[in-house]
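Observations on the model geometry
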Amino acid sequence: AAGVIQSPRHLIKEKRETATLKCYPIPRHDTVYWYQQGPGQDPQFLISFYEKMQSDKGSIPDRFSAQQFSDYHSELNMSSLELGDSALYFCASSHLTRSGNTIYFGEGSWLTVV
Amino acid sequence: GENVEQHPSTLSVQEGDSAVIKCTYSDSASNYFPWYKQELGKRPQLIIDIRSNVGEKKDQRIAVTLNKTAKHFSLHITETQPEDSAVYFCAASSPRGQAGTALIFGKGTTLSVSS
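Residues numbered from 1 in each chain as written. Chains lettered and ligands numbered in written order. Predicted model: local features only at pLDDT ≥ 70, side-chain atom pairs only at ≥ 80, totals over all residues. Heavy atoms only, no water.

Within chain A one finds zero helices and eleven strands. Helices and strands in chain A line up, N terminus first, as β-β-β-β-β-β-β-β-β-β-β. For a compact globule of 114 residues, the expected C-alpha radius of gyration is about 13 Å, and chain A comes in at 14 Å, within 12% of that figure. Counting every position in chain A, which comprises 114 residues, the buried fraction comes to 49%. Put simply, 52% of the contacts in chain A that link residues at least 6 apart link residues at least 24 apart. A gap of 3 Å separates the mean positions of the 10 positive and 12 negative side-chain charges of chain A. (Helix = DSSP H or I, 4+ residues; strand = E, 2+ residues; numbered from the N terminus. Rg over C-alpha atoms; globule rule 2.2 N^0.38 Å. Buried < 20%, exposed > 50% of the residue type's maximum accessible area, 1.4 Å probe, protein only. Contact = heavy atoms within 4.5 Å. Lys, Arg positive; Asp, Glu negative; His and termini not counted. Charge placed at Lys NZ, Arg CZ, Asp CG, Glu CD.)

In structure tokens:
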């Protein structure tokens, strides 16, 4: 079965640079979520989109922005990168059904800021 | 907003023993409680979930129980095996906005199963 696809898998950036992560949800999934997971930490919810509209916002820094496009893929844009932004970024997707929405995670994108 | 607490943070058991991980949540409107298993550097993988209209769910060696009144839910793993060693996260979500109900995670439990 198709899974959530994230790219790039690994990314190295310098401080103050900009990075863009991409996410392709499972086909027919209408909701995308972004999570940030630091070393030894639990995944922290950043932002989510439902049918291309922002549906929920978590602890996303003002330096970050995201959007969901007409083909349902999503991009997370991170500017003025800081060392503390180094983390594993997960995208997840779900489809709301009568029994609820089960959320599936992608493999993640490793961002290292040096 | 929702707050999920998870205990214990580490758990060591012998192969064949049972393991129990407990979580509490704060938002009484939360209605979906999944458990994820995460190996080092890999994605969280859904192992079992329960919705608020059910008190218990079982899938082979894994079971989850939910007490809505007390706002806590637990993961039970029986006959543990070394390959069960990983970090386990509980999570909760409540209806917010439209369909994009975000999961809020507990801090995780590192389970070590020794043979």
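After that view of the structure, there is still more to cover.
As a further point, take the pairing of strand S7 (residues 62–67) of chain B. All names here are of chain B. Inspection of the sheet shows strand S6 (residues 56–59) paired to S7 by four bridges, in the antiparallel sense. Opposite Lys 58, over in S7, you have Ala 63 as the bridge partner. Linking two consecutive strands that pair antiparallel, namely S6 and S7, is a turn of two residues; a positive phi of about 60° is found at Gln 60 within it. As paired strands, S7 and strand S8 (residues 72–77) are joined by six bridges and run antiparallel to one another. What sits directly across from Asn 67, in S8, is His 72. Two successive antiparallel strands, S7 and S8, enclose a turn made up of four residues, where Lys 71 displays a positive phi of approximately 55°. (Pairing = 2+ DSSP bridges.)

Glancing now at the pattern of salt bridges. Scanning the entire structure with this criterion turns up seven salt bridges over all chains. We note a salt bridge from Asp42(A) to Lys107(B), for which the minimum N-O separation is 3.4 Å. Pair noted here: Asp42(A) is in the loop between strand S4 (31–37) and strand S5 (44–50) and Lys107(B) is in the loop between strand S10 (104–105) and strand S11 (109–114), and the two residues belong to different chains. In this structure Asp42(A) comes out as buried when scored by relative accessible area, which is 4%. With its nearest N and O atoms 3.4 Å apart, the salt bridge here joins Arg63(A) to Glu82(A). On the criterion of sequence distance, the pair formed by Arg63(A) in the loop between strand S6 (53–57) and strand S7 (64–68) and Glu82(A) in the loop between strand S8 (74–78) and strand S9 (87–94) is long-range, its members being 19 residues apart. If you follow the salt bridges from partner to partner, you end up with Arg63(A), Glu82(A) and Asp85(A) in one network. (Salt bridge = Lys/Arg side-chain N within 4 Å of Asp/Glu carboxyl O.)

Residues and elements named next belong to chain B. With respect to topology, five strands assemble into an open sheet ordered S1-S3-S8-S7-S6, the strand pairing being antiparallel. At either margin of the open sheet sits one strand with a lone partner, and together these are strand S1 (4–7) and S6. Strand-to-strand twist of the sheet, defined as the mean angle between neighbouring strand axes without regard to direction, takes the value 15°. (Axes fitted to C-alpha atoms, helices over the stretch in contact; angles between N-to-C directions.)

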